[in-house]
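Tertiary structure, described
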Amino acid sequence: MTAVVNSRNDPYLSGVYQPVTDERDDPALAVTGELPVGLAGTYLRNGPNPVFEPKGRYHIFDGDGMLHGLTLDGTGGAAYRNRWVRTEGLAVEERAGRAIYGGMANGEFPTREETAGGPAMKNVANTNVIRHAGRILALWEAGPPTEVASDLSTIGCHDFGGALPGPFTAHPKLDPVTGEMLAFGYSAIPPYLRAYVIGPDGTFRRTIDIDLPAPVMMHDFAITERHLVFLDAPAVFDFASFARGGPMLTWKPDNGTRIGVMPRDGDAASVRWHEVDPCYVFHFMNAYDTPDGGVVIDACRLPRMDIGLETEGATADADSWLHRFTVRSGSGATTCEQIAELPGDFPRVPAALEGRPHRFGYYASFSSGRPDGGAFDSVTKVDVAGGTTLTHSYGPDTVAGEAVFAADPTGTAEDDGWLLNFVTDLPTMTSAFVVLDARDLTEVAQIDLPRRVPAGFHGNWLPAGGTAH
């Protein structure tokens, strides 16, 4: 399929965000440097890439999902493949030959005649992609997962055999010890929050309805060995405003901000809420239990949430700073302190440490300090034990994505592995796949890609023959 999207001078449809218009397979790519022996698998990243000219005002969260895969064979060979996630909503638009659905920014909904039996809202499946229980799932937090095959072709909606009762987060957590997938879904209608437990075989085990005082946007959460951690922040849905052409989400700091800690085997009554200063968290780095019964949570904290619905050209990422929240046992007293000097977001730890104590974490950062709304140019490694940071700049006039940790299968130290990323050079508008040594952030290999990869959201390293995300 070849599609054309006009830029319309929209910043999220031009430059590094400009959609690509085809799907391709490039089986043999040249490598500069040397790919590590044993680095075998696929780096898979998701992101918005609208097929058709959007209706009205466009928001980056509304673009059709496109998966970009860089496969390494472990012996120096590399291949690239990209595919749209062909959701039911996209199929409706393909039949019509134009955009049918509106999005977060314009509030337009198609008629039944326009959808011809298709869904009333398009699940764009554009935010993240994971692997669990042998399934690869493209995720979007307002709907169910979309399953794709290993060749990136779309299989279809995956609702866990009908057990999924509502939306499913784009940021589920995979427990590296139990193999469980922990997830949640938020909704603008009661219940406003549901927690999910999925077994290592992919079967739904539990749904827990959790009461919240207002319908809020909750993009991410965290797990520990014994708990689920939620942030109830005052990013509140307002559909009356949306129907009048106003913003769908409104920041209401008077509602307060709370951290909720729930035992993994608990219920809604077991959630303990802890008040913190008003803030928002798009992404958590990790969380873990302390020996005295407390919880430590590392996350990129913003003073407020702004995704460009209330104001044009939101620059939230440039006001996002890595912080540590500590919830004390007993009293429940909570502290919060900044633990890194550069602004940034998209924090990660190795998959093997999800929900467990970590020393090192990595996040996409602004080494140049430029506040242009998501144009990361570097990755920063944080040593939370030593209180130090190390930053690798991908070069002047570059835009980098989320750096994903790929463990060295022969390694023994926590940071034995590599950081994988797509990086775009602004002067030439060309992209490369860059591999850094996670220990010292030196570049070990680069693969110039046959096409630009548009700036996108989240992805994961899928080791060959493995099940880790």
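A brief look at the structure comes next. Please read all numbers here as calculations on a predicted model, not as lab measurements.

This paragraph deals with the pattern of salt bridges. Within the structure shown, the criterion is met by 22 salt bridges. Ionic pairing is found between D26 and R24, a salt bridge with its closest N-O pair at 2.7 Å. Three or more residues are tied together by salt bridges with common partners; here these are D175, E180, R205, R264 and R356.

Right, let's get into the environment of Y394. Counting through the fold element by element, Y394 comes out in the loop between β27 (388–393) and β28 (398–400). Separated by 270 residues in sequence, Y394 and V124 place their C-alpha atoms 30 Å apart. Dropping the residues within four chain positions of it, Y394 is found in contact with D377, S378, V379, A400, A403, N421, V423, V434 and L436. Of note is the side chain of Y394, whose polar atom sits 3.1 Å from the side chain of N421.

Moving on to the nonpolar core. Membership of the largest hydrophobic core comes to 48 residues, with the highest contact counts inside it found for M217, F230, I259, I297 and M305. Among the elements that take part in this core, strand β20 (residues 280–289) stands out by supplying 5 residues, more than any other. If near-sequence neighbours (up to four positions away) are discounted, F230 is found in contact with F184, L193, A195, I210, M218, F221, R258, I259, G260 and W273. L35, Y43, V404 and A406 belong to the second-largest nonpolar core, a separate cluster that totals 20 residues.

The tally for this structure, following the rule as stated, stands at 18 aromatic pairs. Taking 5.5 Å as the distance between ring centres and 35 degrees as the angle between the ring planes, the aromatic pair formed by F160 and F168 counts as tilted. The class of F160 is buried, set by a relative accessible area of 9%. Taking 5.0 Å as the distance between ring centres and 50 degrees as the angle between the ring planes, the aromatic pair formed by F366 and F376 counts as tilted. Linking F366 in the loop between β25 (360–365) and β26 (378–383) with F376 in the loop between β25 and β26, this pair joins segments that are 10 residues apart in sequence. Through a chain of ring-to-ring contacts, three or more aromatic side chains come together here, namely F160, F168, Y196 and F204.

The sheet built from 4 strands is open, its strands ordered β6-β7-β8-β9 with antiparallel pairing. With partners counted over all chains shown, the strands left at the sheet margins are β6 (128–132) and β9 (154–157), one partner each. Strand-to-strand twist of the sheet, defined as the mean angle between neighbouring strand axes without regard to direction, takes the value 30 degrees. Pairing of β6 with strand β7 (residues 135–139) involves 5 bridges; the strand directions are antiparallel. The partner of V129 across the bridge, within β7, is A138.

Following the sequence through the fold, M104 ends up in the loop between α1 (88–96) and α2 (112–115). A relative accessible area of 18% means that M104 is categorised as buried. Taking the C-alpha atoms as reference, M104 lies 8.4 Å from P247; in sequence the two are 143 residues apart.

Rules behind the numbers
Residues numbered from 1 in each chain as written. Predicted model: local features only at pLDDT ≥ 70, side-chain atom pairs only at ≥ 80, totals over all residues. Heavy atoms only, no water. Salt bridge = Lys/Arg side-chain N within 4 Å of Asp/Glu carboxyl O. Helix = DSSP H or I, 4+ residues; strand = E, 2+ residues; numbered from the N terminus. Contact = heavy atoms within 4.5 Å. Polar contact = N/O pair within 3.5 Å; in protein donor to acceptor, adjacent residues only side chain to side chain. Core = buried A, V, L, I, M, F, W, Y, C linked by side-chain atoms within 4.5 Å. Buried < 20%, exposed > 50% of the residue type's maximum accessible area, 1.4 Å probe, protein only. Phe/Tyr/Trp six-rings, centres within 6.5 Å; stacked < 30°, edge-to-face > 60°. Pairing = 2+ DSSP bridges. Axes fitted to C-alpha atoms, helices over the stretch in contact; angles between N-to-C directions.

Keep in mind these numbers describe shape, not what the thing actually does.
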